[in-house]
Amino acid sequence: GGRKKDFNILVIGLDNSGKSTILNNLKTKDTKVATINPTVGFNQEKINFQSVNFNFFDMSGQSRYRSLWEHYYKESNAIIFVIDSSDRMRFVVSNEELADVVNHAEIKNKDIPLLILANKKDVKGAASENEIKNELEINRIKGRNCKVYSTNGLSGEGINEALEWLASEMK
Ligand code: GTP
């Protein structure tokens, strides 16, 4: 077998949605960290997943850092957008941020997959996958492969399945 392929994956979404927690869950026992702090700027995490190497750019979701996201659009092979499915107060903000991404000049005509993680599915009253699809107006996203998976960043539930889909798109 040849060398594993590397792919740059941009991980974005509002602050507190669970981006760093999800990535931490994918790490091996000895590289996992016990406590996750809010990301300042961004962190790069190289994680081996099945037959591919994912080079994740874990961006801060805080409003003051969201302007950094676009600097990574050009070199990204896929986008993961994380939404806190229990944070109903900010579904509209998530929708606006996602719309800005998919309509951005450097993304619009770029054929890269979009994986949406409806995280915090364990929280009581969390929105279902279908509700998230409606809130984020997924039907308006044309011209790229897009999927929504519900996840629990803490237990890891749903993450493998979602990344398997993403890996299958990386050809
Ligand atoms: P920024 O770095 O600020 O952009 O945030 P982030 O998206 O990286 O979120 P982070 O991983 O720091 O998680 C925010 C909080 O949500 C932490 O307290 C996590 O423990 C918690 N959290 C993450 N995923 C889940 C989940 O699936 N369920 C629950 N209940 N809590 C979660």
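The rules behind the values
Residues numbered from 1 in each chain as written. Predicted model: local features only at pLDDT ≥ 70, side-chain atom pairs only at ≥ 80, totals over all residues. Heavy atoms only, no water. Phe/Tyr/Trp six-rings, centres within 6.5 Å; stacked < 30°, edge-to-face > 60°. Helix = DSSP H or I, 4+ residues; strand = E, 2+ residues; numbered from the N terminus. Buried < 20%, exposed > 50% of the residue type's maximum accessible area, 1.4 Å probe, protein only. Near = heavy atom within 4 Å. Polar contact = N/O pair within 3.5 Å; in protein donor to acceptor, adjacent residues only side chain to side chain. Areas by Shrake-Rupley, 256 points an atom, 1.4 Å probe, with all protein chains shown as cover. 1 Å grid on protein atoms, 1.4 Å probe; cavity = no way out; pocket = protein on both sides within 12 Å on 5 of 7 lines; lining within 4 Å. Sits in = over half its atoms within 2 Å of the grid points. Points joined across faces, edges and corners; volume = space filled by probe spheres on them. Nonpolar A, V, L, I, M, F, W, Y, C, P; charged D, E, K, R; others polar.

*Asks:* Describe the packing of aromatic side chains, listing the residues and the values that go with them.
*Replies:* How two aromatic rings sit relative to each other is set out by the distance from centre to centre and by the angle between their planes. Under the definition given, this model contains five aromatic pairs. A centroid spacing of 5.1 Å and a plane angle of 50 degrees characterise the contact between Phe42 and Tyr72, whose relative ring orientation is tilted. Within this pair, whereas Phe42 is found in strand 2 (residues 42-49), its partner Tyr72 is found in the loop between strand 3 (52-59) and strand 4 (78-84), the two being separated by 30 residues in sequence. Judged by its relative accessible area of 15%, Tyr72 is buried. Of the aromatic side chains, those joined through ring pairs into one cluster are Phe42, Phe57 and Tyr72.

*Asks:* Give a detailed account of the site of the ligand, specifying residues and quantitative values.
*Replies:* Taken together, the neighbourhood of the ligand is formed by 20 residues, with Lys19, Thr21, Thr39, Gly61 and Asp122 sitting nearest. The separation between an oxygen atom of the ligand and a polar main-chain atom of Ser20 is 3.0 Å. Take Asn119: an N or O atom from its side chain is 3.0 Å from a nitrogen atom of the ligand. Summarising the interface, the protein chains cover 83% of the accessible area of the ligand, which totals 660 Å² for the free molecule. Here the ligand occupies the largest pocket. If you tally residues by element for the shell around the ligand, the top one is helix 1 (residues 19-26), at three residues.

*Asks:* Got a sec to walk through the layout of surface pockets? Specific residues and values, please.
*Replies:* By volume, the largest pocket is sized at about 410 Å³. Taken together, 23 residues line the largest pocket, and the ones lying closest to its centre are Asn16, Ser17, Gly18, Lys19 and Thr21. Looking at the lining of the largest pocket, the elements with two or more residues in it are helix 1 and strand 3. The greatest single-element share of the lining of the largest pocket, amounting to three residues, is contributed by helix 1. Taken as a whole, the second largest pocket encloses approximately 210 Å³ of empty space. Asn95, Leu98, Ala99, Val102, Asn103, Lys108, Leu136, Glu137, Arg140, Ile141, Lys142 and Arg144 together form the lining of the second largest pocket. Here the lining of the second largest pocket gets four residues from one element, more than from any other, and that element is helix 2 (residues 91-102). Of the residues belonging to the lining of the second largest pocket, the class tally is five nonpolar, two polar and five charged.

*Asks:* Tell me about helix 1, and name the residues and values.
*Replies:* In terms of burial, helix 1 is a largely internal element, six of the eight residues being buried. For helix 1, the full list of buried residues reads Lys19, Ser20, Ile22, Leu23, Asn24 and Leu26.

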